[in-house]
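# Examination of the molecular architecture
What follows is each chain in one-letter form.
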Amino acid sequence: MTIERQVAKGVICGLAIAGLTVAAQAADLSEVVKAPPKLPDTLTWNGITLYGALDVGYAYSNNAAPIGNYFAGVNANVFASPPGRGPISTINTQGYSFVGLRIEEPLGYDWKAIGRIETGFDPLTGQINDGCKTLVDNNGKPNSQQTTSGDSNQCGGLTRQVWVGVSNKTYGQLQIGRNNSLAADSIWGFDPVVIADFSAILWGLGFTAGTGATETTRWNNSAKYVYTNDFLHAGVMFAQGQHQGSSLHGDSYAANFGFNWQGLYVDAVYTAERDAVRSGLFGVGGCGVAGTPSCGTLSVTGQNTDAWALMGKYAYDFTAGAKGAPLNRLTFYAGYQNITYSNPSDPLSIGDTTVGGYMFGAVNNTAYSFDHKRVGFAWIGAKYELGGWAVSAAYYRAMQGYYQGNATATPCSTNAHSYCSGSWETASLSAVYSFDKHWDVYGGVVWSKLNGGFSAGYDDPETTTFLTGVILRF
């Protein structure tokens, strides 16, 4: 064999070996760089589903307070606490991240055993949502030293829902435990805004879902029954009052009814809350000094509220229901709620507790001794959905009539006293894009202003806030 032929043979063998090596490496590389598996639509095991949402973003407000460590982000609505004192630019979360377990177990004959456990958390700090802790942390401090705070239905532990029950397609659903109020279920479904950050309904739970007290957005020790078919739904709810660990210290009731017809949806809800808890801050010198309560307690108002709400929405489908056509829908929304406040039937006591075990250090059971307080809350808006996009515009207005706050009070409409007549206005414009079932990005602007008695104690009762962020749902 000539040298040339030996060389040629060696080159051919070398190329063959190299080719096999490259092919093998390419195969290995393809295993490394191939797309990761997608997040499944549901995370379910033996009838137990893990679900939740993670919301983080950025906010700029021209008039807000620094964010705290528990629950609340930038106070995008001027009615939040404390009053804004200057521009804020920050990484942000609005307190709507949560995780939960949903349980469904067939029992036969179309019956299911069901249950739910949920808690909210702050993704920026890892803390469980705790609105009452924000009040305690700011007790006794001047506004200039306070971080964002507020009364909340999420205080300590499992902060959202904890209930068990049974359901049947024919006979309805019964839930027992800590439940969303019927007002919450109804009103949230008629809000034109997709992302809660841009909604006064979510910022003003003390008026809307809480029907007069933010803490009563969810009811402890409650039983809720709901019936639904293709055309109508109805529900009734009862909470057994207790003086420890509950925001309702008296027995409370609610009922709702609604129907839908050719794109029109109408809902009505009535709520009677008894001996409800409304928590607030101690001012400077109001706690932690001789003769005053501990700053680790809450200053609360006891109250009864009676509220009714009527709301509707109309959805127009531009595709006329064509199969396979991308979403193309315009929905109009409107609603009104009326709340009457009065003194509690059974006065609250110092030493009682609310949700999360927070103790009352001071109690006012006579806020409405001279007159009932009446507040109306109205909203209107629209949402346009096209493919993965949803664009919402909304206007909200709370209206308070003058009520006699003390023996010497006279009618007024200024900001001299909180009992003067006044209003709270909020407007927002927002857009959301959904990449799939799990990922949303959003952005928009919120404007909010207080007038008259609502603005008592506010040096600058107006704010504009820009918000953007991303939400992971699972």
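Let me sum up the structure you'll find in this document. (Residues numbered from 1 in each chain as written. Predicted model: local features only at pLDDT ≥ 70, side-chain atom pairs only at ≥ 80, totals over all residues. Heavy atoms only, no water.)

Right, let's talk about the pairing of strand β11 (residues 264–280) for a bit. Across nine bridges, strand β10 (residues 252–261) lies against β11 in antiparallel orientation. Paired with glycine 258 across the strands is aspartate 267, a residue of β11. Turn length for the β10-β11 hairpin, with the two strands adjacent in sequence and antiparallel, is two residues, and the turn residue glutamine 262 shows positive phi of about 50°. Bridging between β11 and strand β12 (residues 298–317) involves 15 bridges; their strand directions are antiparallel. Looking across to β12, one finds that tyrosine 270 is bridged to tryptophan 308. (Pairing = 2+ DSSP bridges. Helix = DSSP H or I, 4+ residues; strand = E, 2+ residues; numbered from the N terminus.)

All told, the structure shown has three disulfides when counted by the stated rule. With a sulfur-sulfur separation of 2.2 Å, cysteine 132 is cross-linked through a disulfide to cysteine 155. When the S-S torsion is 75°, as for the bridge of cysteine 132 with cysteine 155, the disulfide is right-handed. One end of the pair, cysteine 132, is in helix α2 (residues 131–138); the other, cysteine 155, is in the loop between α2 and β6 (162–168), and 23 residues separate them in sequence. Just as cysteine 132 is buried, cysteine 155 falls in that class too. The side chain of cysteine 412 participates in a disulfide bridge whose partner is cysteine 420; the two sulfur atoms lie 2.0 Å from each other. Residues cysteine 412 and cysteine 420 share a disulfide whose torsion about the S-S bond is about -95°; that sign makes it left-handed. For the protein chain, the bonded cysteines connect in the pattern 1-2, 3-4, 5-6 when numbered consecutively along the sequence. (Disulfide = S-S within 2.5 Å. Buried < 20%, exposed > 50% of the residue type's maximum accessible area, 1.4 Å probe, protein only.)

Take the side chain of glutamate 215 next. Within the secondary structure, glutamate 215 sits in the loop between α4 (200–203) and β8 (218–228). Notably, glutamate 215 is buried but unbridged: the nearest opposite-charge side chain belongs to arginine 178, and the N-O separation is 8.2 Å. Beyond its immediate stretch of four places on either side in the chain, glutamate 215 contacts Cys132, Asp151, Ser152, Asn153, Ser247, Val277, Ser279, Thr354 and Val355. (Lys, Arg positive; Asp, Glu negative; His and termini not counted. Salt bridge = Lys/Arg side-chain N within 4 Å of Asp/Glu carboxyl O. Contact = heavy atoms within 4.5 Å.)

This part takes up the environment of serine 97. One can find serine 97 in the loop between β3 (88–92) and β4 (98–108). For the pair serine 97 and phenylalanine 121, spaced 24 residues apart in the sequence, the C-alpha separation amounts to 5.8 Å. Setting aside chain neighbours within four positions, we find serine 97 in contact with Ala53, Leu54, Asp55, Gly120, Phe121, Pro123 and Asn129. Engagement of the side chain of serine 97 in a polar contact is seen with the backbone nitrogen of aspartate 55, the distance being 2.8 Å. (Polar contact = N/O pair within 3.5 Å; in protein donor to acceptor, adjacent residues only side chain to side chain.)

A word on α2. Of all eight residues in α2, six are buried, a share of seventy percent or more. Each element contacted by the buried residues of α2 is listed here: β11 and β12. In the segment just after α2, glycine 140 is the residue with positive phi, at about 75°.

Below, the discussion takes up a nonpolar patch on the surface. A cluster of nonpolar residues, Phe257, Phe259, Trp261, Leu264, Tyr314, Tyr316, Phe318, Phe332, Tyr384, Leu386 and Trp389, forms a patch on the protein surface that exposes about 1,100 Å² of accessible area. Ranked by the residues each element gives to the nonpolar patch, the list is headed by β10, at three residues. With respect to the element layout, tyrosine 384 can be found in strand β15 (residues 373–386). (Patch = residues over 30% accessible without salt bridge, like charges linked within 9 Å, V, L, I, M, F, W, Y side chains within 5 Å. Areas by Shrake-Rupley, 256 points an atom, 1.4 Å probe, with all protein chains shown as cover.)

What follows concerns unusual backbone geometry. Positive phi is not limited to glycine here, since threonine 211 has a value of about 45°. You can see threonine 211 is positioned in the loop between α4 and β8. With phi around 50°, asparagine 221 is a residue other than glycine that occupies positive phi space. By the secondary structure assignment, asparagine 221 is in strand β8. Given the relative accessible area of 33%, asparagine 221 is considered partly exposed.

This next bit is on the nonpolar core. Core analysis: the largest hydrophobic core is formed by 54 residues, its most contacted members being Phe207, Phe377, Trp379, Tyr396 and Trp424. Membership of the second largest hydrophobic core comes to 11 residues, among which are Leu135, Cys155, Leu298 and Leu348. (Core = buried A, V, L, I, M, F, W, Y, C linked by side-chain atoms within 4.5 Å.)

Assignment of secondary structure puts isoleucine 176 in strand β7 (residues 172–180). For the pair formed by isoleucine 176 and valine 166, sequence separation is 10 residues and the distance between their alpha carbons is 9.4 Å. Those residues within four positions of isoleucine 176 in sequence are excluded, and the remaining contacts are Val162, Trp163, Val164, Ser222 and Ala223.

Tracing the backbone through its elements, the reader meets glutamine 303 in strand β12. One polar contact links the side chain of glutamine 303 to the main-chain carbonyl oxygen of glycine 212, over a distance of 2.8 Å. When near neighbours in sequence (up to four residues on either side) are disregarded, glutamine 303 contacts Gly212, Ala213, Glu273, Arg274, Asp275, Ala276, Arg278, Tyr341, Ser342, Asn343, Pro344 and Tyr368.

So, about the pattern of salt bridges. With the rule as written, the count across this model stands at eight salt bridges. Between arginine 160 and glutamate 118 there is a salt bridge, with its nearest N and O atoms 2.9 Å apart. Remark: glutamate 118 occurs in strand β5 (residues 111–120) and arginine 160 occurs in the loop between α2 and β6; sequence separation between them is 42 residues. Of the two residues, arginine 160 and glutamate 118, both sit in the buried class. Between arginine 329 and glutamate 385 there is a salt bridge, and its shortest N-O distance comes to 3.0 Å. Note that arginine 329 is positioned in strand β13 (residues 328–342) and glutamate 385 in strand β15, a separation of 56 residues in sequence.

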